[in-house]
Amino acid sequence: MKISEFTFELPQELIAQTPAQRRGEDRLLVIDRKTGEYQDCQMKDFPSFLEPGSVVVVNDTRVRKARVFGISETGGKVEFLFTGAMGPDRWQAMVSKSKRQKPGKTYEFRTPEGELYCKAMIDSDVDDHDQGSSLKVIKFDREIDENFFMKCGHVPLPPYIKREDDFNDETRYQTIFANECGSMAAPTAGLHFTPEIVAELAKKNIEVLHITLHVGMGTFMPVRTENLEDHVMHTEGYHVSEEVAEKVNKAKAEGRKVIAIGTTSVRTLESAVNRETGLLEAKSSATNLFITPGFQFAIVDQMLTNFHTPESTLLVLVSSFAGKEHILNAYKHAVEQKYHFFSYGDATFLK
């Protein structure tokens, strides 16, 4: 199957640059994945489409303020996007103008008030298929923890948001479930939830369960192969607790629906399932699962997700779940009705 089959015309003005004025006031396109029929709704209507006793699974990852600007020894401003720790004082990072950033080059990192927080140097390059040659190993002159990112960092907004981050993004680019810090991007379907929506779910005896998948920068990497089977997915770490596994397995055994909030929750649940027993397993692991047409979903019955990029792995995933023709027809309608797309955009519910 070719990636070119998963495309559609998307006017640039429909790519959301800011969140809705109030959290939860987004539009919701409800799509019947069996018939392809769709209806225009609001996110506040979401609980009304769920059966009582269902379970909702959300990703509770927290976005790290991993975009940090350093000052080079020549006085130039260099952007670092820290992707993960390699030790107390060593981190991997994507670095701007990467060819100029040679091993041994040093940088200062300062707070917004101008206070020197730490110094660092390029330790080495990393040969990484997901990230390319811009990935470096950074060695600091002190141990680095979340305080560094909180004091010196910026919210790493996706590349299709063409503005600098601001104070509003510090809350709006986190879900209300955010707890475990480690993501490079928000699990955006969760951004639509409010305490009021969760309360409505509780009224229907619908429990919200938390899993964790830390979203990597690979989520924004384009598919560079013509054929889907040639694409290699990026790897992301995840965790499913004993409690969540037990509750999901109980729901499945009793015929109650499991609703995944976002593609990250889908990939976690479908990665952690034992394909022989059909049971969700409690585990901490990593996944590079690429869900393509023909995939047999073992856990997920319904899915809430945002509108996705043309020719992306995420569009392939939702097409695998609801049918390519159904999705592309619904997306055509969404474009005509001027729904907002991507991270700060509107939502779809695939039922």
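On a predicted model such as this, the values are computed, not experimentally measured, just so you know. (Residues numbered from 1 in each chain as written. Predicted model: local features only at pLDDT ≥ 70, side-chain atom pairs only at ≥ 80, totals over all residues. Heavy atoms only, no water.)

## Observations concerning the overall build of the protein chain
Across its full length, the protein chain carries seven helices and 18 strands. In terms of C-alpha radius of gyration, the protein chain reaches 21 Å, essentially the compact-globule figure of 20 Å for 351 residues. Looking at the protein chain as a whole, 53% of its 351 residues qualify as buried. If you take every contact in the protein chain between residues at least 6 apart in sequence, the share linking residues at least 24 apart comes to 71%. Carbon and sulfur atoms form 48% of the exposed surface of the protein chain, whose accessible area is close to 15,900 Å². Treating the 42 positive side-chain charges of the protein chain as one cloud and the 51 negative ones as another, the clouds have centres 3 Å apart. (Helix = DSSP H or I, 4+ residues; strand = E, 2+ residues; numbered from the N terminus. Rg over C-alpha atoms; globule rule 2.2 N^0.38 Å. Buried < 20%, exposed > 50% of the residue type's maximum accessible area, 1.4 Å probe, protein only. Contact = heavy atoms within 4.5 Å. Areas by Shrake-Rupley, 256 points an atom, 1.4 Å probe, with all protein chains shown as cover. Lys, Arg positive; Asp, Glu negative; His and termini not counted. Charge placed at Lys NZ, Arg CZ, Asp CG, Glu CD.)

## A closer look at the packing of aromatic side chains
Taken as a whole and judged by the stated rule, the model has 29 aromatic pairs. Consider the rings of F8 and Y331, whose centres lie 5.1 Å apart with planes at 80 degrees: the pair is edge-to-face. Here F8 is found in the segment before β1 (27-31), whereas its partner Y331 is found in helix α7 (residues 324-336), with 323 residues between them in sequence. For the pair formed by F8 and Y331, the shared burial category is buried. Ring geometry for F307 against Y331: centres 5.2 Å apart, planes inclined by 65 degrees, an arrangement best described as edge-to-face. Of this pair, F307 sits in the loop between β17 (302-306) and α6 (313-322) while Y331 sits in helix α7, placing them 24 residues apart in sequence. Taken as a pair, F307 and Y331 share a single burial class, namely buried. One aromatic cluster is present, built from ring pairs that chain together F80, F82, W91, Y107, F109, Y117, F140, F148 and F149. Of note, K77 hangs over the ring of F69, and the distance from its end group to the ring centre comes to 4.6 Å. (Phe/Tyr/Trp six-rings, centres within 6.5 Å; stacked < 30°, edge-to-face > 60°. Lys NZ or Arg CZ within 6 Å of the ring centre and 35° of its normal.)

## Some remarks on the side chain of E270
Within the secondary structure, E270 is located in helix α5 (residues 263-272). One polar contact links the side chain of E270 to the main-chain amide nitrogen of I299, over a distance of 2.9 Å. Aside from chain neighbours lying at most four places away, what touches E270 is R275, L289, F295, Q296, F297, A298, I299 and V300. (Polar contact = N/O pair within 3.5 Å; in protein donor to acceptor, adjacent residues only side chain to side chain.)

## Quick word on the packing of α5 against α6
Contact geometry of α5 with α6 gives a least axis separation of 11 Å together with a crossing angle of 65 degrees. Comparing their axes, α6 and α5 come out roughly perpendicular. Considering the relative orientation of α5 and α6, their crossing is left-handed. In contact with T263, V266 and R267 of α5, α6 contributes L314, L317 and V318. When the residues that make up the contact of α5 with α6 are grouped by side-chain class, the tally is four nonpolar, one polar and one charged. (Axes fitted to C-alpha atoms, helices over the stretch in contact; angles between N-to-C directions. Parallel < 35°, antiparallel > 145°, perpendicular 65-115°, else oblique. Left-handed = near helix turned anticlockwise from the far one by under 90°. Nonpolar A, V, L, I, M, F, W, Y, C, P; charged D, E, K, R; others polar.)

## A look at the environment of K204
Along the chain, the position of K204 falls in the loop between α3 (195-203) and β13 (207-213). Note on K204: relative accessible area 21%, which makes it partly exposed. Spatially, the C-alpha atom of K204 lies 61 Å from that of T74, the residues being 130 residues apart in sequence. Once residues lying within four places of it in the same chain are set aside, the contact partners of K204 are P47, S48, L50, P52 and G53.

## Notes on the pattern of salt bridges
For the structure shown, the criterion picks out 24 salt bridges. For E25, the salt bridge identified is with R22, shortest N-O distance 4.0 Å. Residue E200 is joined to K203 by a salt bridge in which the shortest nitrogen-to-oxygen separation is 3.0 Å. Placement of the pair is E200 and K203 together in helix α3, with a separation of three residues, close to one helical turn. (Salt bridge = Lys/Arg side-chain N within 4 Å of Asp/Glu carboxyl O.)

## Some points on the pairing of strand β14 (residues 236-240)
Going residue by residue along β14, you find E236, Y238 and V240 tucked away on one face and G237 and H239 left uncovered on the opposite face. Summarising the sheet, β13 and β14 pair through two bridges and their orientation is antiparallel. Within β14, the position partnered with L213 by the bridge is Y238. Relative to strand β16 (residues 283-287), β14 runs antiparallel, the two sharing five bridges. Paired with V240 across the two strands is K283, which belongs to β16. (Pairing = 2+ DSSP bridges.)

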